[in-house]
Amino acid sequence: SAQVFIDVYQHEGIVQDDDALCEGTPYTLEASGGTTYHWISEDGSFASHEARPQVTPDTTTRYFVTITETNGCVLRDTVDLKVIPSVEPDFRIIQRGQCLERPALEVVNLTQNASDAQMIFDFGDGYTSDQETDLHVYEKDGLYNVTLRSVREFCVFEKVHPVPVYSVRIPNVITPSEPGYNDKFTILFGASGELTPADVGLRVSIVVYNRWGTKVYESGDYQYDWGGEDLPLGTYFYEITIGERALCKGWLQIL
């Protein structure tokens with residue numbers, strides 16, 4: 001007769017389950033219980049000897065891992081990472097309304113290849129919409145972050161566009177002969193009169209004509225530094241464009 005003793009060890013190595021991630025998001029692979037590790041992707045483009053390497057796959061990828069344990073046992077396993085394709089939200093904002101009144105915002109969803117994603121507009125004032133095109137009216141002046149949010153499975157992708165939504169005040173009288181007091185032609189945002197379009201990053205273009213239609217002043221990026229100096233006293237007419245708002249037309253008297 002003969003005897004043979006066989007040592008049987010339980011595997012100490014642990015490998016994570018298959019998982020999913022959003023495209024463009026770093027992911028940390030998980031393994032433990034070994035003294036050495038070897039990860040390699042199915043296409044051979046990635047390899048690592050770390051227990052918890054970080055990867056950022058572009059498409060669904062299979063990873064092979066080999067764990068060598070302290071007892072000499074070798075554990076081999078695979079991890080499949082499903083990559084959920086990203087969505088690139090895209091939309092257009094159109095400001096509706098007359099020059100002086102607070103504009104309503106028309107939003108149009110322009111996102112491509114997102115038929116399986118849930119699309120939600122967030123107007124930044126507590127109101128949302130899942131319509132492809134919608135018109136929103138704000139109750140108060142303010143700078144609002146308009147967001148188009150795309151949800152595909154558990155992945156969320158966003159595009160944010162800050163929009164100043166203010167009523168406009170344009171004076172019809174300036175007095176250049178009184179320095180420091182109403183001596184410059186200033187366009188104001190909101191009822192408080194504390195902001196100008198420049199304070200919220202909006203470019204203003206302005207053209208001023210005399211009563212005979214002759215252009216007496218023009219600026220494509222007005223800096224609120226014109227007061228009609230050296231012009232005869234009287235009535236003048238202006239055309240003002242504030243960002244993407246409707247064209248403002250009116251009259252101005254220099255006293």
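The structure we're discussing is the one just above.
Asker: When you look at the overall build of the protein in this model, what are you seeing that I'm missing?
Answerer: Per the secondary structure count, the protein includes zero helices and 23 strands. The C-alpha radius of gyration of the protein comes to 32 Å, more than 25% above the 18 Å expected for a compact globule of 255 residues. Counting only residues that meet the buried cut, the protein has 38% of its 255 residues in that class. Long-range contacts, defined here as pairs at least 24 residues apart, represent 52% of the contacts in the protein between residues at least 6 apart.

Asker: Explain the nonpolar core to me, please; I cannot follow it from the model alone.
Answerer: Side chains of a nonpolar character, in soluble globular proteins, are inclined to be buried together. Ranked by internal contacts, the top residues of the largest apolar core, which has 22 residues, are I170, F185, I187, Y222, W226, I240 and I242. Residue assignment for this core shows that the elements contributing at least two residues are strand 20 (204-209), strand 22 (234-242) and strand 23 (248-254). Top element by residues in this core is strand 22. It accounts for four residues.

Asker: Help me understand the sheet that holds strand 14 (residues 133-136) in this model?
Answerer: Across a sheet, paired strands are connected by hydrogen bonds in the backbone, their directions being either parallel or antiparallel. Overall, antiparallel pairing links the three strands, which are arranged 10-11-14 in an open sheet. Every other strand in the sheet has two partners, leaving strand 10 (91-96) and strand 14 as the edge strands with one partner each. Sheet twist, expressed as the mean angle between neighbouring strand axes with direction ignored, is 20 degrees. In this structure, strand 11 (residues 104-109) lies alongside strand 14, joined through four bridges in antiparallel fashion. Its bridge partner being in strand 14, V108 is matched across the sheet by T133.

Asker: I would appreciate a short explanation of the pattern of salt bridges in the present structure.
Answerer: Pairing is possible between side chains of opposite charge, provided their charged atoms come close. Taken as a whole and assessed by the stated rule, the structure comprises 12 salt bridges. A salt bridge links K82 to E153, with the shortest nitrogen-to-oxygen separation between them at 3.3 Å. Of this pair, K82 sits in strand 9 (residues 74-84) while E153 sits in the loop between strand 15 (142-152) and strand 16 (155-165); the two residues are 71 residues apart in sequence, bridging distant segments of the chain. According to the relative accessible area criterion, K82 is partly exposed, its value standing at 40%. What makes E153 exposed here is its relative accessible area of 53%. Across the salt bridge formed by R152 and D116, the nearest N and O atoms sit 2.6 Å from each other.

Basis of the calculations
Residues numbered from 1 in each chain as written. Predicted model: local features only at pLDDT ≥ 70, side-chain atom pairs only at ≥ 80, totals over all residues. Heavy atoms only, no water. Helix = DSSP H or I, 4+ residues; strand = E, 2+ residues; numbered from the N terminus. Rg over C-alpha atoms; globule rule 2.2 N^0.38 Å. Buried < 20%, exposed > 50% of the residue type's maximum accessible area, 1.4 Å probe, protein only. Contact = heavy atoms within 4.5 Å. Core = buried A, V, L, I, M, F, W, Y, C linked by side-chain atoms within 4.5 Å. Pairing = 2+ DSSP bridges. Axes fitted to C-alpha atoms, helices over the stretch in contact; angles between N-to-C directions. Salt bridge = Lys/Arg side-chain N within 4 Å of Asp/Glu carboxyl O.

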